[in-house]
Amino acid sequence: MEKIGAAVWATGRAGQEIVRAGLTRPWLEFRAGITFSAAKEGRDLGEACGLDVRLDAPVSTNIDAVLARPDIDVVFYAGLGTPTEVAAACLRANRAGKDAITIAGLVHPITSLGAAAAAELDVGARAAGKRILGTGLWDYLTITLPLASVSNVLTFDEIRLERVADMTLWGHGILRDEGIGGPLESAGAGFMMRNFLLEATMLLAESCGLEIDQPDFESTPVLSDVRRERAGYVVEPGTICGHDRRLAANVRGSGRLVSLWRGRFDLQPERDGMEGSAKVVVEGEPNFETIVRGDLFLDTYPPTGARAMAAVRPLMALEAGVHTIDQLAQRPGYR
């Protein structure tokens, strides 16, 4: 079997899950890694990602040296950064002759970058003869599941996405940024989550061929009435334990798209009256409703890595340029 050579750019938790997913695909081989940490220089990719496995794939802080390797076909970008920074990293990989897949945004490049910058990125990728794809953190929950649901109806008045997230295993830094465990005034505006929901909503509208008005976004912090403690993180009564968020947009002509997101730290269904899940409700002809439950709502990193891995071969079948996840065939590719 001729294997696809891969490099992972950023060796944190997201990079770890991409490697774990790749180990289940016999057609892919990790050959190098890029790290932002000088302390990881020269380590094996498996060790650098915190896994008890040796891949014979060296990790380096020298980005250009890794990208110049002729045995690497695809780069998984798993680092943090603004949309502009993520786009620049992906284009840098393209210009070195590699396809680029990122879980860090670019789900709907026109929304995250602006029309002009998205077009410029596409021109750059085409000129390099390579591809860029943003799978995001919730590919299946935010795009694939809604599209599969909407494909069953003729017309609709409302498409509503309802997600309940268990925030227990989120990193402590992100929890603090979200204001979890803090007083009411420490709650931010939910800018990061707004961007996630907005990109997914705009891509859903585009894929359905809908023109929508500028979406409205609301973020409401929720205070806990009990003490919550999990994984070394504590939320005292009267402090923030989660948020309720809503993004809604009117469809020009008629109808609307609504995305509801509710997240709780130390989510317990009996106490909190909800469980980790994703639901799509279509009010239309005919009415349609589907719901997904399971462990992926406790820790979204493993399914995020798996979705990125499943995109590799379908992406390589497309023409050069910037692509979105609704354009890809569903091909998990375990063999």
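Residues numbered from 1 in each chain as written. Predicted model: local features only at pLDDT ≥ 70, side-chain atom pairs only at ≥ 80, totals over all residues. Heavy atoms only, no water.

Engineer: How do you make sense of the environment of G171 when you look at a structure like this?
Structural biologist: You can see G171 is positioned in the loop between β7 (155-166) and α8 (172-177). Look at G171 and you get partly exposed, because its relative accessible area is 35%. Along the primary structure G171 and R13 are separated by 158 residues, whereas in three dimensions their C-alpha atoms are 9.5 Å apart. (Helix = DSSP H or I, 4+ residues; strand = E, 2+ residues; numbered from the N terminus. Buried < 20%, exposed > 50% of the residue type's maximum accessible area, 1.4 Å probe, protein only.)

Engineer: What's the story with the sheet that holds strand β6 (residues 131-134) in this structure? I'm lost.
Structural biologist: To summarise the sheet geometry, strands pair through backbone hydrogen bonds and adopt either a parallel or an antiparallel arrangement. With parallel pairing, the seven strands of this open sheet are ordered in space as β3-β2-β1-β4-β5-β6-β15. What marks the edges here is a single partner per strand, and that holds for β3 (59-60) and β15 (321-324). Bridge analysis of strand β5 (residues 99-102) against β6 gives three bridges, and the strand direction is parallel. When the sheet's bridge partners are listed, T102 is paired in β6 with G134. Against the sheet, helix α4 (residues 83-95) touches β1 (4-9), β4 (74-77), β5 and β6, its axis set at about 155 degrees to β5. (Pairing = 2+ DSSP bridges. Contact = heavy atoms within 4.5 Å. Axes fitted to C-alpha atoms, helices over the stretch in contact; angles between N-to-C directions.)

Engineer: Explanation requested: the layout of surface pockets in the structure shown.
Structural biologist: Leftover empty space is mapped by rolling, across the atoms, a probe with the size of a water molecule. Looking at the largest pocket, its volume works out to about 1200 Å³. Taken together, 49 residues line the largest pocket, and the ones lying closest to its centre are L80, L137, I174, M192 and F196. Counting only elements with at least two residues in the lining of the largest pocket, the list comes to α1 (13-22), α5 (109-113), β7, α8, α9 (191-207), β11 (240-250) and α11 (301-310). When residues of the lining of the largest pocket are assigned to their parent elements, the largest contribution, eight residues, is made by α9. Class assignment for the residues of the lining of the largest pocket results in 25 nonpolar, 15 polar and nine charged. (1 Å grid on protein atoms, 1.4 Å probe; cavity = no way out; pocket = protein on both sides within 12 Å on 5 of 7 lines; lining within 4 Å. Points joined across faces, edges and corners; volume = space filled by probe spheres on them. Nonpolar A, V, L, I, M, F, W, Y, C, P; charged D, E, K, R; others polar.)

Engineer: Even after reading the chapter, I still don't get the side chain of T239, so can you show me in this structure?
Structural biologist: Among the structural elements, T239 can be located in the loop between β10 (233-235) and β11. Judged by its relative accessible area of 15%, T239 falls in the buried class. Of the polar contacts made by the side chain of T239, one reaches the backbone oxygen of E236; its length is 2.6 Å. The residues touching T239, leaving out its near neighbours within four places in the chain, are G181, G182, V222, L223 and S224. (Polar contact = N/O pair within 3.5 Å; in protein donor to acceptor, adjacent residues only side chain to side chain.)

Engineer: Would you mind showing me how to read the packing of aromatic side chains here?
Structural biologist: Working definition: an aromatic ring pair is given by the centre-to-centre distance plus the angle between the planes. This structure, assessed with the given rule, holds three aromatic pairs. Looking at R25, its charged tip hangs above the ring of Y334, at a distance of 4.1 Å from the centre. (Phe/Tyr/Trp six-rings, centres within 6.5 Å; stacked < 30°, edge-to-face > 60°. Lys NZ or Arg CZ within 6 Å of the ring centre and 35° of its normal.)

Engineer: Quick question: what am I supposed to make of the nonpolar core here?
Structural biologist: One broad trend across soluble globular proteins is that nonpolar side chains are buried collectively. Among the nonpolar cores identified, the biggest contains 54 residues, and V19, L28, F30, L45, F76, I101 and M309 are the most heavily contacted of them. In terms of residue count, helix α7 (residues 139-150) provides more of this core than any other element does, five residues in total. Those residues in contact with M309 that sit more than four places away from it in its chain are I18, A21, G22, R25, W27, L28, F30 and F76. With 23 residues, the next largest nonpolar core counts Y77, A89, C90 and A125 among its residues. (Core = buried A, V, L, I, M, F, W, Y, C linked by side-chain atoms within 4.5 Å.)

Engineer: What exactly am I supposed to notice about the environment of F36 here?
Structural biologist: With respect to the helices and strands, the residue F36 is situated in the loop between β2 (28-34) and α2 (45-48). On the basis of relative accessible area, F36 is assigned to the exposed category, the value being 57%. In the structure, F36 is positioned 222 residues away from V258 in sequence and 38 Å away in space, judged by C-alpha atoms. Leave out the neighbours within four places in its chain, and F36 touches W9, A10, Y77 and G79.

Engineer: Explain the packing of α1 against α11 to me, please; I cannot follow it from the model alone.
Structural biologist: Helix packing geometry: the angle between the two helix axes and the distance between the axes. Between α1 and α11, the least distance of the axes is 8 Å, while the angle of their chain directions is 55 degrees. With respect to α11, the axis of α1 lies oblique. Handedness of the α1/α11 crossing: right-handed. Here R13, A14, E17, I18, R20, A21 and G22 of α1 lie close against α11, whose contacting residues are Y301, P302, G305, A306 and M309. For the contact of α1 with α11, the class distribution of residues is seven nonpolar, two polar and three charged. (Parallel < 35°, antiparallel > 145°, perpendicular 65-115°, else oblique. Left-handed = near helix turned anticlockwise from the far one by under 90°.)

Engineer: What is the right way to read the environment of G50 from this model?
Structural biologist: Checked against the element boundaries, G50 lands in the loop between α2 and β3. Classification of G50 by relative accessible area gives exposed; the value is 56%.

Engineer: Teacher, can you tell me more about helix α6 (residues 115-128) here?
Structural biologist: Structurally, the α-helix is built with 3.6 residues per turn, so residues lying three or four positions apart point the same way. Taking 1.5 Å per residue, 14 residues should reach 20 Å; α6 reaches 20 Å between its end C-alpha atoms and fits that length. All of the buried residues along α6 are A118, L121, D122, G124 and A125. Taken end-on, α6 shows its buried residues confined to a sector of 160 degrees, consistent with a single buried face. Opposite its buried face, α6 presents the exposed residues A115, A116, E120, V123 and A127, each directed more than 90 degrees away. (Expected span 1.5 Å × (residues − 1). Arc of directions from axis to C-beta.)

Engineer: What am I meant to see in unusual backbone geometry here?
Structural biologist: Most of the time, phi is negative for any residue but glycine, and the peptide bond is trans. Look at the link from E285 to P286: it is a cis peptide, with omega at -5 degrees. For P286, the position within the fold is in the loop between β13 (277-285) and β14 (288-293). Phi is positive for A231, close to 55 degrees, though the residue is something other than glycine. Counting through the fold element by element, A231 comes out in the loop between β9 (228-230) and β10.

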